Amino acid sequence: MKQLVFIINIVMAVFLSWGCAEYIDLDLETSDQKLVVDGMITSERHIQYVRLSRSVAFMDDTVSPPVSGARVLLSDGYNVETLREANEMAGFYVAKNGFAATPGNSYELTVSEVDIDGDGVEESYQAISYMPHVNKPDSIDLLFDASWEMWKVLLWFNDPPDSEDYYLFRVLLNGTLISERISEFTVVSDRFFENGRADGVWVQSINANEEAEPLQEGDVVTLQMCGITEAYFDFVKSVQREGRGQYPLFSGPPANVPGNISNGALGFFTAFSVSYANLVVSAGLLEEKNNSD
Amino acid sequence: MTNFKFFFIFFLLFLQYQATVKARPNVGEDVFTVSGYVKDGATGEMLVGASVIVRGSGTGTVTNVYGFFSIELSPGEQILQFGFLGYQPVERIVSQTTHLTVEMIPQPELLEEVTIAGEEGAVSVRSSLLGLERLEPSSIGRMPVLMGETDPLKAIQMLPGVSATSEGSSNFTVRGGNPDQNLLLMDEAIVYNAGHLLGFFSVFNNDAIKYVELYKGDFPASEGGRLSSVLDVHTRDGNMKQFQGSAGIGLISSRLNLEGPIKKNKASFLFTGRRTYADLFLPLASDEELHDNQLYFYDTNFKMNWIADEKNRFFLSAYLGRDVFRDEMARLNFGNRTLSLRWNRVFSPSLFANFTFVRGQYDYFLGTSETDIDDMEWVSEFNDYMFGADFSWFLAPEKTFRFGARSFFHSIAPGDVTGPDENSFLKEVELPQNNSLEHGAYVSYSNRIASWLKLRVGLRYSLFQNVGPGKSFRFDDAYEVTDTISYSSGDIFNSYHGLEPRAGASVFLSPRLTAKISYSRTRQYIQLASNSTSSTPLDVWFPASPNVKPQTSDQVSLGLFGKSRNGVFEHSIEFFNKWMENTIDFKDHPDLLLNETIEGEVRFGKAWARGFELMSKWNTDRFSGWVGYTFLKSERVAGGINNGKPFLSPYDHTHDVSVFADYRLASRVSLSANWVYYTGSPVTLPVGRFDVGGTMVPLYSQRNGERMPDYHRLDFSCIIHSKRGKEKGGEWVFSLYNAYGRKNAWAINFVNDEEGDSGIRAEKTYLFSVVPSVSYTFKF
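All figures in this text were calculated on a predicted structure; none of them were measured in a lab. (Residues numbered from 1 in each chain as written. Chains lettered and ligands numbered in written order. Predicted model: local features only at pLDDT ≥ 70, side-chain atom pairs only at ≥ 80, totals over all residues.)

A.B. asks: Looking at this structure, how should I read the domain arrangement of chain B?
C.D. replies: It is common to report an interface's size as the accessible area lost on association of the parts. Residues and elements named next belong to chain B. Assigned domains within chain B: domain 1 (31–124), domain 2 (132–232) and domain 3 (233–779). Of note, the centres of domain 2 and domain 3, computed from C-alpha atoms alone, are 6 Å apart. Each partner contributes residues to the interface: domain 2 has 60 residues there, and domain 3 has 105 residues. Taken together, the elements giving at least two residues each to the side of domain 2 that touches domain 3 come down to β11 (182–186), β12 (189–190), β13 (195–196), β15 (209–215) and β16 (229–235). Of the residues forming the side of domain 2 that touches domain 3, the biggest block, four residues, is contributed by β15. When grouped by side-chain class, the residues that make up the side of domain 2 that touches domain 3 number 28 nonpolar, 20 polar and 12 charged. (Domains from an automatic or database assignment. Contact = placed C-beta atoms within 7 Å. Helix = DSSP H or I, 4+ residues; strand = E, 2+ residues; numbered from the N terminus. Nonpolar A, V, L, I, M, F, W, Y, C, P; charged D, E, K, R; others polar.)

A.B. asks: What should I look at first to understand the sheet that holds strand β1 (residues 32–40) of chain B in this one?
C.D. replies: Paired through their backbone hydrogen bonds, the strands of a sheet run either parallel or antiparallel. Residues and elements named next belong to chain B. Strands sit in the order β4-β1-β7 across an open sheet of three strands; the sheet is mixed. Because the sheet does not close on itself, it has two edges, and the strands there are β4 (68–73) and β7 (98–104). Neighbour to neighbour, the strand axes of the sheet diverge by 25° on average, direction disregarded. In this structure, β1 lies alongside β7, joined through seven bridges in parallel fashion. Bridge pairing in β7 places Gly36 opposite Leu100. (Pairing = 2+ DSSP bridges. Axes fitted to C-alpha atoms, helices over the stretch in contact; angles between N-to-C directions.)

A.B. asks: How should the interface of chain A and chain B be read in this particular structure?
C.D. replies: With 63 residues of chain A in contact, the opposing surface of chain B contributes 58 residues. Counting residues per element, the ones that place at least two in the side of chain A that touches chain B are α1 (2–16), β1 (20–24), β2 (35–42), β14 (197–207), α2 (230–243) and β16 (266–280) of chain A. Here the side of chain A that touches chain B gets seven residues from one element, more than from any other, and that element is α1 of chain A. Looking at the side of chain A that touches chain B, its residues break down into 33 nonpolar, 18 polar and 12 charged. The pairing of β1 of chain A with strand β49 (residues 760–766) of chain B spans five bridges and is classified as antiparallel. Among the inter-strand pairings, Glu22 of chain A is bridged to a residue of β49 of chain B, identified as Lys764 of chain B.

A.B. asks: How do you make sense of unusual backbone geometry when you look at a structure like this?
C.D. replies: Outside of glycine, negative phi angles account for most residues, and trans bonds account for most peptide bonds. All names here are of chain B. For the peptide bond that leads from Gly468 to Pro469, omega is 5°, which places it in the cis range. With respect to the helices and strands, the residue Pro469 is situated in the loop between β28 (453–467) and β29 (470–475). Positive phi is not limited to glycine here, since Asn582 has a value of about 55°. Counting through the fold element by element, Asn582 comes out in strand β36 (residues 569–586). For Asn582, a count of 17 C-beta atoms within 10 Å translates into the label partly exposed. (Buried ≥ 20, exposed ≤ 12 C-beta atoms within 10 Å, placed from the backbone.)

A.B. asks: In this structure, what is going on with the domain arrangement of chain A? I would like to understand it.
C.D. replies: Residue and element names in this part refer to chain A. Here chain A is described as being made up of domain 1 (35–131) and domain 2 (133–243 + 273–292). Computed from C-alpha coordinates alone, the two centres of domain 1 and domain 2 are separated by 28 Å. At the interface, eight residues of domain 1 touch five residues of domain 2. Considered class by class, the residues forming the side of domain 1 that touches domain 2 number three nonpolar, four polar and one charged.

A.B. asks: Which parts of the structure should I look at to understand the pairing of strand β3 (residues 49–54) of chain A?
C.D. replies: Side-chain positions along a regular strand alternate between the two faces of the sheet. All names here are of chain A. Of all six residues making up β3, five are buried, and the element is well covered by its neighbours. Two elements, β2 and β3, share six bridges in a ladder whose sense is antiparallel. Bridge pairing links Gly39 to Val50 in β3. Between the end of β2 and the start of β3, which pair antiparallel, lie six residues. Strand direction decides the pairing type here: β3 and strand β6 (residues 92–94), joined by three bridges, are antiparallel. Following the sheet pairing, Tyr49 is matched in β6 by Val94.

A.B. asks: What should I look at first to understand the nonpolar core in this one?
C.D. replies: Soluble globular proteins tend to bury their nonpolar side chains together. The biggest cluster of nonpolar side chains holds 72 residues, and the ones touching the most others in it are Leu35, Val37, Val111 and Tyr167 of chain A. Non-local contacts of Val37 of chain A, meaning those with residues more than four positions away in its chain, are made with Val50, Leu52, Val111, Ala127, Ile261, Ala265, Gly267, Phe268 and Phe269 of chain A. Grouped together as the second largest cluster of nonpolar side chains are 67 residues, Val174, Ala194, Phe201 and Val203 of chain B included. (Core = buried A, V, L, I, M, F, W, Y, C linked by C-beta atoms within 7 Å.)

Structure follows, in structure tokens:
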């Protein structure tokens, strides 16, 4: 459905070229401060952390203030792991080295000993996420698209037929995550793959316009494929939709993104499994790009 | 409900009894019936709503939409007076059953105010419908409009209770209802998407139009299927006497209109067409990439009519219009096609019938550029077939019995996405077609039972059926699909039906003051999957189904209509209260496009609207116009939306003022002005923000809890005729849209301040500042 979004954006761009924009003064109301949880637990032996912060007034020019001193526990039903706040990064609560979650388990996050609403009484918040399995991709390939000035990352993959699966795709270039923000994520449902089979489906993109660093021969492009829950899929979709701007043409009324934290807190706690496929950029691939330019 | 039915039937019988006893003292004597047509003597065009008054009796009738009238008269010689605004009155002496064809001669221009014969009578025979507004193309053409494109839907928006859904849009909302709750008819064919160029212009070409009527809730019993309004657009028949035409050139489009007799006084044709031509200049553009771009729309109306004899008349109307957009990245085109065939048959002098067949189609195509291997093409099609029969039985003056039935077959292919390239990686997505039948049968009866009282009662019965082949889904409480059921071709797998009573009364308090009251129920079986306030070509209509119950509306209105002694002023006030059930809304962040299980995105609710509308019209020789005001409160509640609390309709404009004034400065020059003001539309604005995954996410409190800045706008136009007069020669129209350059917000977004560093700022997008335009029309 990426094409659809592109077309809608193009039509909208034509439309907006008629329009003009101007700053206006608007008095917005401000809601009470709320706890914001931004947590991702993966199946990898990596640094695992949960970030806690507070919501701010919409027009506020400050960054979201971190929440320090909270007690953050992670449980798989048998073991309870305490996440400790990093010394140099306030609001980041890190699991001990080597902690990795296991697909098929459910994880519960508990945040307590915080007083967000400032009434002197400490609150407690919970969130639960199941960690789905993910199969390894067969292979990936790159295809240059001249009109959109990007490399399309194409996927070959067999989806398990019996389950309803949701996937998150991110791209790493030479080991560094380049689709860091939720707005750069791709999430799909397995209904996206015909008969459970992906044969070169476009799942991610690498920017190739003038501002981007061009790909070099020997660069390693990695596709990270994650098995996510339907709730997280909906969350990512909603965040992306909210980020697209409000125009009467294609958007309905804006709405809150659906989080999974109890007690009125915002954000999402998700656990997902991870697998990878690599590709080394060849001279032939770069030549194809030059030919199509 | 059963009680109600009983009461209704009883009421009908009572009326019949009343009528038999009082209105026909002459039973057995030689009453006779005069019937026929009233037409324009210069062009042969039928006159709709011309008054036919029996001199000395104060009773009479009006011609119907085909210009037909029938009136039963008591024995002896009687004088019939025919009157129509802007025409010289005609009198005919009649003494026996006859068929008359009355030709009326248009009033010469610049005559002083002429009292039209039988006008008092004409007022009293006015229908008892409330909230009926009528516009003629001549007044539509005088209104200043965006880019000089005369548009009946923009004129409609100047009426109280009606406003545009967003800036510059021809899409409209009636009393806070959704745009898909308006039934748009063009020569009885339903128009499902009336927008050109993303809704800035409508598909209705003013050159082709005879008149436009808008029913704002008190529908005639013959119509149904929508909750808000019926917009009835009738096209002209074409000149029966001589060839004539006009050609026009404007800022964005040029127009051609040709009409004339095929056989004088027997058959005629009408052709109108227009095309925008901004893209014709693209090959001249300095940027070569633009040369192959396309951006235009066209529409054509073609109509033929044939008077076979006194008793039979045939009409064929066709419409074809399309928008085409193409650039190096994408292709988009969409349009309507309609064909209506009608047969008027006079079975007896007092029984008039019309049979209609309609074939309508709306389709769109969306695609990426053709060069890509992962090219995508998306087509969607809506096909509609209708057969209907309507009968009018003129029992006595001001006593008419109408009945009829119509059946629709709707066939919707919501979307089929393919990659035409053989090596395409794209998966084909084809949403199953859905088919349905919609039937309506009605009876209505109107009678003036006393000199001071006219009653109208109507009953419509509608039946809706989902027809296979098709699929239906079962959903659990979380709106997840639990079961899929497939039906084979021809299976009727789901039905809804219900009664739609309509009733109204007019009380003639004095010759110049009438009070009206009405009640009307309607049911809507087919709706648009859209939660945006702008019209887009990507329409997905979906019908009632096992999961989607029909929407219903009950509306009560009460009005007072007055006229000044000299007929210069007309004032009206109308209160309305409307309750709607099973209304359709969509969950937060719904997936409405290419979603097979779209019904899982729907949230059902209730809606209500109440308010009042004031209108003062004046009409003197040189100066005419109106002032309209609407007070409205339109709310909804739906599913879990807004935590289950009521929220405002996105079209809730608390105060809405529209002023139209037209002044004839000199014999060849007239000036017009529009002024529109309404309370800003409700919007949802953020009350906070937070940060997850490196992305800023807004936080909202309630749906439609805030408002956009108030909307207002002033437009001017100036029309200059050449010396040869209005009927022949040239006409210049200069117009100025948004004369004082009000930057009305079309959308509000939040952006990072690029100049200062004060963080996030609100930014409004406005579409039009001052837009001047000029157009020239030449009539021959």
